[in-house]
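Chain by chain, the residues run as shown.
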Amino acid sequence: MGLKQRVERVSGAQGELSPLLRARVNDLAKAGAADARLENLTPLPEGARTRTPGTRFIAPWKDETRPARLMDFEVSLGDSYMLAFNGGVMRVFRNQAPILNIAGTAPYELAHPFPDNQLDALFKAQVKGTMFIAGGGRPRVLVRNLDNDWSLTEYVPTEAPVRLQNTDKTWTIQASAETGTVTLTASKATFLAGHVGSIWRIDEADLSTVPNWKAIESPIALGQRRRNKGRIYEVVALNATTGDTGPNPPVHDDGDVFSSGGNVTWRFISNTGGYVRITAVASPTSATAIVLDRLPQRAVTAPSYRWFEAAWSDVRGWPDAVSVSDQSLVWTRNNEYFISRPTDLYSFDLLDEEDSAITAAINAPDGKLTEIVWVLPIGVLVLGARSNEWLIRGAQNAFERLTPTNQRAIPQGSRGSFKPHQPVMVDGGAVFIGRGGRSLHFVRFDGATEQIEFQNFTTFSRQMLRAGARQLAWCQDPNPVLWVRMADGTLRGLTLMTEQDVAGWHRRPMINGKVLQIAAVQSLDDTFTELWLGVERVVNGQTRRYWEVQQRYFEAIDEDQPTAAGAWLVDCGIATAAGAGPFASVSGLDHLEGQAVNLFADGVFLGRRSVSGGSVTLPRPMRNIVVGLPLAWRLETLPFETNTPKGSSKGVEKAANNVTLHLHETSTGLISANGAEDALVFPTAGVAPGQPLQLFSGVLTVTIEVATEKEVAIALSGDDPLPFTVLSITPEIDIKDP
């Protein structure tokens with residue numbers, strides 16, 4: 001005689017589990033809240049699985065034959081844009097619509113210099129309405145002036161990072177003037193064509209010509225110069241009665257300042273060294289430059305061997321990544337990092353002061369070259385390299401302000417990062433793609449231990465990134481999901497709430513869709529995070545590329561009497577204006593010509609039609625219409641096993657003809673077990689004439705036909721544009737005598 005037992009699975013928050021763990025259903029805690037496969041269903045932190053929303057068609061790419069890149073631009077809450085770089089221009093989108101030019105006749109466009117093959121390598125950091133961009137050559141600065149007025153210029157520091165000082169006293173450079181456009185003359189072959197646009201530093205060779213400042217120095221005269229902390233000052237006013245320098249040194253870096261407690265007005269003349277930007281190279285020994293920071297007098301009147309080649313140039317290379325940390329800009333390239341002076345995002349001047357800039361390099365303990373991929377502030381500054389991770393911290397504690405003398409680079413891990421990609425900030429830490437593209441890691445700084453903590457999100461679901469992760473987008477609201485674009489054009493989702501130990505993987509397949517780009521931006525009303533996608537589709541025999549935006553997760557408008565009204569469960573769809581109509585047909589569907597589409601109107605599924613001539617005809621005139629590609633969904637559970645008086649049920653013949661589902665605001669779907677014939681799940685109250693489909697919340701038992709097998713697994717599926725949310729699945733297992 002057999003045994004009947006109900007086996008309840010009340011949560012799916014841990015998402016899709018690896019097939020390699022299928023045998024550990026009863027001994028692995030995570031498996032009790034996981035599934036075998038989730039397609040177009042999002043596991044929620046509460047444990048439910050709900051339908052992943054579809055996408056709205058926004059516009060075709062400007063040039064559908066060339067690569068593209070999406071970037072979010074968020075100034076503040078309610079002030080956000082999506083930027084699309086494609087076809088040599090940047091287009092701007094706001095509130096899921098393109099910004100038009102001043103005439104209102106076409107999308108606003110701004111030319112950009114980034115090569116097509118470098119678009120995926122772009123790395124951004126933003127300070128209010130200014131974005132700094134690394135990768136793709138010379139760093140750039142993007143500034144929003146108005147919705148349809150943006151500027152994209154080269155990032156030109158006033159004092160740029162430089163290489164180590166030349167020490168060959170026979171190799172000199174002399175400038176023709178202290179300011180303005182100057183000629184640089186070198187004693188040896190120095191300048192290359194690739195130096196055009198680079199910024200060099202030239203110091204005076206003989207520091208003894210300007211004495212150091214001394215307190216109460218007397219006599220002191222008008223026009224005399226003194227040096228203090230790398231700066232040169234000149235006396236421009238003097239108290240003739242006392243005639244000494246007083247007790248307080250000059251420390252300013254601009255204009256005239258009366259020395260408090262002293263007797264002298266000091267004028268800032270220049271630093272010990274000045275900066276020039278090369279604009280042309282006439283020969284290896286002659287170049288033209290513009291002075292950015294006044295050159296010292298002795299660098300003009302005499303040749304100086306104390307010069308510094310630019311750290312950034314076409315010769316040496318340009319930064320690959322950028323971030324903002326503690327009021328400074330941080331740029332990285334290869335194994336080097338460059339931190340600007342605090343509060344001055346354009347100065348990398350190295351001074352004998354705590355507010356000096358920092359230029360440093362990382363050298364791995366094993367002697368291998370360290371190639372930095374990303375840099376992020378997560379309480380402290382963290383660098384991710386191809387083979388390891390580094391913490392940049394102060395010598396005494398991790399939180400002190402970094403200076404050239406106290407900063408330390410400490411190796412912290414050896415996960416390694418895929419290049420190129422930009423990690424995303426999540427829950428006080430960051431998520432990055434592992435070096436091979438097949439793992440995803442969370443990194444967070446622990447203030448108590450002053451160490452970096454890591455978590456691998458793919459340990460229990462390694463199959464999810466088998467195709468190779470390439471790009472990340474973090475959607476925080478209303479459901480926290482990290483989206484991952486794969487190398488093969490598929491899309492993965494990770495429901496993520498680290499404080500609740502929720503990390504649930506799921507898949508986002510599309511009919512006739514290949515995802516080429518993703519990015520996330522907060523909606524203007526700040527109620528949800530928009531996932532933008534660049535999707536390639538074959539339509540009417542042609543390859544097309546579109547910008548699409550994933551719509552809101554379904555929530556019933558009236559939770560006391562829930563209906564399907566307001567659902568968006570189609571892909572690449574369009575909608576009629578709310579309340580407009582009624583309409584007997586829907587046009588504007590040229591982007592889906594020849595495709596079979598689902599029709600959804602006034603909260604009712606009207607069936608499937610093919611687009612012809614850019615339009616579809618409805619069975620009857622309707623309002624609030626959504627038309628788009630079907631969005632198929634599927635849930636496959638892990639096997640249901642239990643313990644019996646004779647031991648585990650694993651391997652014992654069993655069946656499940658009755659399955660109890662706990663549903664929430666749900667319409668219809670299909671259910672089966674072990675691949676047998678589907679049965680209909682139809683718990684709704686149906687459709688009253690002229691009314692939206694009523695949804696069901698509660699417990700429903702469904703009878704299905706299933707053959708006796710050694711394993712029982714349940715599948716739920718559907719492709720109608722109707723809501724479906726399952727809270728728990730409880731089959732009644734009929735265990736046969738062994």
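Above this note sits the structure.
Residues numbered from 1 in each chain as written. Predicted model: local features only at pLDDT ≥ 70, side-chain atom pairs only at ≥ 80, totals over all residues. Heavy atoms only, no water.

(A) Focus on the packing of aromatic side chains. Applying the stated rule across the entire model yields 23 aromatic pairs. Ring centres of Y81 and W150 lie 5.2 Å apart, and the angle between their planes is 85°; this geometry places the pair in the edge-to-face category. Of this pair, Y81 sits in strand β7 (residues 79–86) while W150 sits in strand β14 (residues 149–154); the two residues are 69 residues apart in sequence, bridging distant segments of the chain. On the basis of an interplanar angle of 35° and a centroid distance of 4.7 Å, the ring pair of W633 and F724 is categorised as tilted. (Phe/Tyr/Trp six-rings, centres within 6.5 Å; stacked < 30°, edge-to-face > 60°. Helix = DSSP H or I, 4+ residues; strand = E, 2+ residues; numbered from the N terminus.)

(B) Structural detail: the sheet that holds strand β37 (residues 451–456). Taken together, four strands build an open sheet; the order of strands is β34-β35-β36-β37 and the sheet is antiparallel. Strands at the two margins of the open sheet, each flanked by one partner only, are β34 (424–426) and β37. When strand polarity is set aside, the average angle formed by the axes of neighbouring strands in this sheet is 30°. Judged from the three bridges that link them, β34 and strand β35 (residues 429–433) form a sheet pairing that is antiparallel. Across the sheet, V426 pairs through a bridge with G429, a residue of β35. (Pairing = 2+ DSSP bridges. Axes fitted to C-alpha atoms, helices over the stretch in contact; angles between N-to-C directions.)

(C) Structural view of unusual backbone geometry. The omega angle of the peptide bond from S218 to P219 is 0°, so this bond is cis rather than trans. Take P219: it is sitting in the loop between β18 (199–203) and β19 (225–228). Cis geometry is found at the peptide bond from D477 to P478, where omega equals -5°. With respect to the element layout, P478 can be found in the loop between β38 (469–475) and β39 (481–486). Not every positive phi belongs to a glycine, and Q96 is a case in point at roughly 60°. With respect to the helices and strands, Q96 occurs in the loop between β8 (89–94) and β9 (97–98). Within the chain, I216 stands out as a residue other than glycine whose phi angle is a positive 55°.

(D) Expanded view of a nonpolar patch on the surface. On the surface, a cluster of nonpolar side chains totalling about 290 Å² of accessible area is made up of L670, L680 and F682. Turning to its location among the elements, F682 is positioned in the loop between β56 (679–681) and β57 (696–703). (Patch = residues over 30% accessible without salt bridge, like charges linked within 9 Å, V, L, I, M, F, W, Y side chains within 5 Å. Areas by Shrake-Rupley, 256 points an atom, 1.4 Å probe, with all protein chains shown as cover. Salt bridge = Lys/Arg side-chain N within 4 Å of Asp/Glu carboxyl O.)

(E) Seen up close, the environment of R508. As for its placement among the helices and strands, R508 is situated in the loop between β41 (502–507) and β42 (514–522). With relative accessibility at 2%, the residue R508 sits in the buried group. Sequence spacing of R508 and L631 is 123 residues, and the spatial spacing of their C-alpha atoms is 9.5 Å. Here R508 is in contact with N40, T52, P53, G54, T55, W483, L491, Q550, D571 and L631, once residues within four sequence places are set aside. Among the polar contacts made by the side chain of R508, one reaches the side chain of D571 at a distance of 2.8 Å. (Buried < 20%, exposed > 50% of the residue type's maximum accessible area, 1.4 Å probe, protein only. Contact = heavy atoms within 4.5 Å. Polar contact = N/O pair within 3.5 Å; in protein donor to acceptor, adjacent residues only side chain to side chain.)

(F) Just the pattern of salt bridges, in detail. Counted under the stated rule, the structure contains 41 salt bridges. Here R49 ties to D35 by a salt bridge, and the two come within 3.0 Å at their closest N and O atoms. Of the two residues, R49 sits in strand β4 (residues 49–51) while D35 sits in strand β2 (residues 35–39), which places them 14 residues apart along the sequence. Of the two residues, R49 and D35, neither departs from the other in class, the shared state being buried. The network of salt bridges with shared partners includes R138, E154, R277 and D314.

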